[in-house]
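# What the coordinates show
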Amino acid sequence: EVHNELFDAHLAQITAGVGIDRKAFKSYLSTVEKVLARVKLMPQDANAGAYYKAAGEFMAFAEDYAGADMLLTEAIRLFKAERHDKEELVGRLIVTCQELKDFCTKQLAAACAGGSSGSSSSR
């Protein structure tokens, strides 16, 4: 739930017109990496996928779009392997991951083309 609290606080800033504090998100990445090391030791199922999704969100907000893309890809793979009785919930998670992956892909393409890294984006 720490993830939700942090994102809610940052989203409140965005709503207030302050923008995303990407430096703050970058400061969270060392903790995200420590958690990922532990998650990789867990059974690789939809529960692990939820952690990869959350970590991908942190990385995207920290402008590590390649890292975010990698984690979101893994989350989608794990969600797709989930039981069919959870199809509706898992389907929404997959859509959310895919939308953020698409955003990351656009940011990476812009950076490769010499454009902005997307730091002024409100995503």
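Here's a quick rundown of the structure. (Residues numbered from 1 in each chain as written. Predicted model: local features only at pLDDT ≥ 70, side-chain atom pairs only at ≥ 80, totals over all residues. Heavy atoms only, no water.)

Looking now at the environment of A60. The topology assignment puts A60 in helix 3 (residues 46–61). On the accessibility criterion, A60 (3% relative accessible area) is buried. Separated by 43 residues in the primary sequence, A60 and F103 place their C-alpha atoms 8.8 Å from one another. Excluding anything up to four places from it in sequence, A60 contacts R22, Y65, A68, L100 and C104. (Helix = DSSP H or I, 4+ residues; strand = E, 2+ residues; numbered from the N terminus. Buried < 20%, exposed > 50% of the residue type's maximum accessible area, 1.4 Å probe, protein only. Contact = heavy atoms within 4.5 Å.)

Next up on the list: the nonpolar core. Here is a general trend for soluble globular proteins: nonpolar side chains tend to be buried in one another's company. Ranked by internal contacts, the top residues of the largest apolar core, which has 29 residues, are L36, Y52 and F79. Mapped onto this core, the elements with two or more residues apiece are helix 2 (22–39), helix 3, helix 4 (65–80) and helix 5 (87–112). Discounting chain neighbours no more than four positions away, the residues touching Y52 are L36, V39, K40, Q44, L71, E74, A75 and L78. (Core = buried A, V, L, I, M, F, W, Y, C linked by side-chain atoms within 4.5 Å.)

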